[in-house]
Amino acid sequence: MIDERARSILKTLVERYIAEGNPVGSRALSRWSSLDLSPATIRNVMADLEELRLVTSPHTSAGRVPTPLGYRMFVDSLLTVKPLTQDIQAVLSQHIKQDDPNKVVSNAADLLSSLSSFAGVITAPKKSASFRQIEFLSLSDRKVLLIIVTPDGDVQNRILITEKKYAQSELTSAANYFNQHFSGLSFREARQRLADELGRISQDISQLMQAAVNAGTESEKNAVDGVLVSGESRLLEVNDLFADMDRLKRMFGMFEQRTELLRLLESSNRAQGVQIFIGGESSLVPMEEMSVISAPYDINGEVVGTLGVIGPTRMAYERLIPIVDITAKLVSSALSDPQ
C-alpha cells in the first residue's frame, strides 16, 4: 500500500515514460505532477517506490522507469481510460459488421494492428464439435473414406483401415444408421451412445462405426483453433523491442509457433472484459518488454475466441484498452444472429 502522494507520483512517472521513452527524473516529476513538491521530496518518494519494486533506475542517473509491478499498479488502479473518438468508432463500425465470418475475423485483426501500430491478434471461432452427417466410401479392400459434414457445412475426410472388406451397400446402411441416430452429437457423445446400442447392431457394422467414432474423436482432440496475427512486422519499428535481437527472436518465435500465443489468448476466455498481461509479471508472456491487451468475444452469448493487441510494455494503455473492448463487442455482434 502506498499513500496518495506516492500514487500520484507513480502515475505521473508511468505516463511520462510511456509518452517519452526516457527515464523520468525528480525535476521532470516536480514540473509535471499536480503536487506542489520539491525535487528533493520527490526523490525521497521515488526511493520508497524503488524499494517497493515499483520503479527502477536503469542507469546511474537519477531517472526511473516503471517495473512490471509498477505497470500492473498503474493499469489496475491509476489509469484513466480515454473514451474513443468518434472517428475511431466510425472506422471500427464501418469495417466490422455482419458479413462473412472469416472477413469479420481478419478485419478485426487488421484494424487492431493499424489503430495500435503494433500487432493485432485474434483466435478464429471454435469449430463445431458436432456433425450433421457422415458418409462412408470404399477406397480399396480394407480402406474406407470417412466423410464428415459439420453443421456449418465444413467437410472433413478421414481414411479408416478396417479389419474386413465392406460392400458399398453395407457402408451406405451403416452411414444411414449413424446419421439417423447420432446426427447433431459430438463424436465423444456418439461413442457413448454407440456403446449403449452395440447389442442391436451387427458385429461387422459395429466395428466400422467404432472406427468412425474413434477417428472423429481423435480429430476433435487434435484440432487446434487458428490464430490470426496482423502487423507483427510493425513491432520491428518499436525501439524497446528492436534494440535487442534476442527479444525479437523470442517474440517472433511465439508468433511462428502459435502454441504459446494460443495458450495466452485462451486464458482470456475464462474472464470477462479486457485483460492485460504484462511481461515479467505473467509467465504467459515470454519477455519482460512485452504486454498484451485482450478481450474475449462471443457468438450468441457463448465465448468462442479472443482478440487483442501485442506490443511493448510502454504502450498507451488508456487509448488501447477501449479499442480492444469495443472491437470485441463489435465482433460479437457481427457474428451473432440478428435476433
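Up top you'll find the structure we're talking about.
Presented here is an overview of the structure given in this document. Owing to the predicted nature of the structure, the values given are computational and were not obtained by experimental measurement.

Taken together, the side chains of Leu137, Leu139, Ile159 and Ile161 make up a nonpolar region of the molecular surface, amounting to roughly 380 Å² of accessible area. Examined against the element boundaries, isoleucine 159 turns out to sit in strand S6 (residues 155-161). Classification of isoleucine 159 by relative accessible area gives exposed; the value is 55%.

Proximity of charged atoms lets side chains of opposite charge pair with each other. Per the counting criterion, the structure on display carries seven salt bridges. Linking lysine 11 and glutamate 15 is a salt bridge whose minimum nitrogen-to-oxygen distance equals 2.6 Å. Of this pair, lysine 11 and glutamate 15 both sit in helix H1 (residues 4-20), four residues apart, which is roughly one turn of that helix. What makes lysine 11 partly exposed here is its relative accessible area of 23%. Given a relative accessible area of 31%, glutamate 15 falls into the partly exposed group. A salt bridge links arginine 64 to glutamate 50; the nearest nitrogen and oxygen atoms lie 2.8 Å apart. Pair noted here: arginine 64 is in the loop between strand S1 (55-56) and strand S2 (65-66) and glutamate 50 is in helix H3 (residues 39-51), with a separation of 14 residues, a long-range link. Judged by its relative accessible area of 29%, glutamate 50 is partly exposed.

A word on unusual backbone geometry. Positive phi values are uncommon outside glycine, yet serine 117 reaches one of about 70°. As for its placement among the helices and strands, serine 117 is situated in the loop between helix H6 (101-116) and strand S3 (119-123). Taking the relative accessible area as the measure of exposure, serine 117 reaches 41% and is therefore partly exposed. The phi torsion at asparagine 300 lies on the positive side, around 55°, for a residue other than glycine. Examined against the element boundaries, asparagine 300 turns out to sit in the loop between strand S9 (290-299) and strand S10 (302-312). Relative accessible area serves as the criterion here: at 47%, asparagine 300 is assigned to the partly exposed category.

Turning our eyes to something else, we now look at the sheet that holds S6. A sheet is described by the order of its strands in space; here three strands give the open sequence S4-S5-S6, paired in antiparallel fashion. In this open sheet, the two strands that pair with only one neighbour each are strand S4 (133-138) and S6. Between one strand and the next, the sheet's axes are offset by a mean angle of 25°, whatever the strand orientation. With six bridges connecting them, S4 and strand S5 (residues 143-149) associate as antiparallel partners. Bridge pairing in S5 places phenylalanine 136 opposite leucine 146. This element, helix H7 (residues 168-182), spans S4 and S5 of the sheet and lies at about 170° to S4.

With that settled, consider the sheet that holds S10. Here we have five strands laid out as an open sheet, ordered S7-S3-S10-S9-S8, and antiparallel in their pairing. Only two strands of the sheet have a single neighbouring strand rather than two, namely strand S7 (227-230) and strand S8 (275-278). Averaged over all adjacent pairs, the angle separating strand axes in this sheet is 20°, with direction ignored. Direction of pairing for S8 relative to S9: antiparallel, over a ladder of four bridges. Residue isoleucine 276 lies in a different strand from S9, and its bridge partner there is isoleucine 293. Sheet strands in contact with H6 are S3, S7, S9 and S10, and its direction is about 155° off that of S3.

Core analysis: the biggest nonpolar cluster contains 76 residues, and Leu49, Phe255, Leu261, Tyr297, Ile310 and Tyr317 have the highest contact counts within it. Take this core: its biggest share by element is nine residues, from helix H13 (residues 317-335). Core analysis: the second largest hydrophobic core is formed by 23 residues, Leu146, Leu160, Ala174 and Ile205 among them.

This paragraph deals with the pairing of S6. In the sheet, S5 pairs with S6 via seven bridges, with the strands oriented antiparallel. When the bridges of S6 are listed, valine 144 appears paired with leucine 160.

Let us look at the packing of helix H5 (residues 86-95) against H13. With their axes 10 Å apart at the nearest point, H5 and H13 run at an angle of 30° to one another. Regarding the angle of H5 to H13, the classification is roughly parallel. Along this stretch, H5 crosses H13, giving a crossing that reads as right-handed. Only Arg319, Ile323, Ile326, Thr327 and Leu330 of H13 make contact with H5, whose side of the interface consists of Ile88, Leu92 and Ser93. Looking at side-chain class alone, the contact of H5 with H13 contains five nonpolar, two polar and one charged residues.

What counts, and at which threshold
Residue indices follow the written sequence of each chain, beginning from 1 at its first position. The model is predicted, so local features are restricted to residues of pLDDT at least 70 and side-chain atom pairs to those at 80 or more, both for listing and for counting; the totals for chains, interfaces and linings are taken over all residues. The side-chain quantities take in all heavy atoms of the structure and omit both hydrogens and water. What goes into a patch is any residue over 30% in relative accessible area without a salt bridge, connected to like charges within 9 Å or, for nonpolar side chains (Val, Leu, Ile, Met, Phe, Trp, Tyr), within 5 Å. Using the Shrake-Rupley algorithm and a 1.4 Å probe, accessible areas are obtained, with residue cover drawn only from the displayed protein chains. Salt bridges, as used here, are contacts in which a Lys or Arg side-chain nitrogen is within 4 Å of a carboxyl oxygen on Asp or Glu. Strands are runs of DSSP state E lasting at least 2 residues, helices are runs of H or I lasting at least 4, and numbering of each runs from the N terminus. Summary of the burial criterion: residues with accessible area below 20% of their type's maximum are buried, those above 50% are exposed, and those between are partly exposed, where the area comes from a 1.4 Å probe applied to protein chains only. Any two strands with at least two DSSP bridges between them are considered paired. To obtain each axis, a line is fitted to C-alpha atoms, and for helices this fit is confined to the stretch in contact; angles are then taken between N-to-C directions over 0 to 180 degrees. We call two residues contacting when some pair of their heavy atoms lies within 4.5 Å. Throughout this description, the term nonpolar core refers to a set of buried Ala, Val, Leu, Ile, Met, Phe, Trp, Tyr and Cys residues connected via side-chain atoms within 4.5 Å. These descriptions rest on fixed angle ranges, namely under 35 degrees for roughly parallel, over 145 for roughly antiparallel, 65 to 115 for roughly perpendicular, and the rest for oblique. Each helix crossing is assigned a hand: it is left-handed if the near helix lies turned anticlockwise from the far helix by less than a right angle, otherwise right-handed if that turn is clockwise. The nonpolar class holds Ala, Val, Leu, Ile, Met, Phe, Trp, Tyr, Cys and Pro. Asp, Glu, Lys and Arg form the charged class, and all remaining residues, Gly among them, are polar.

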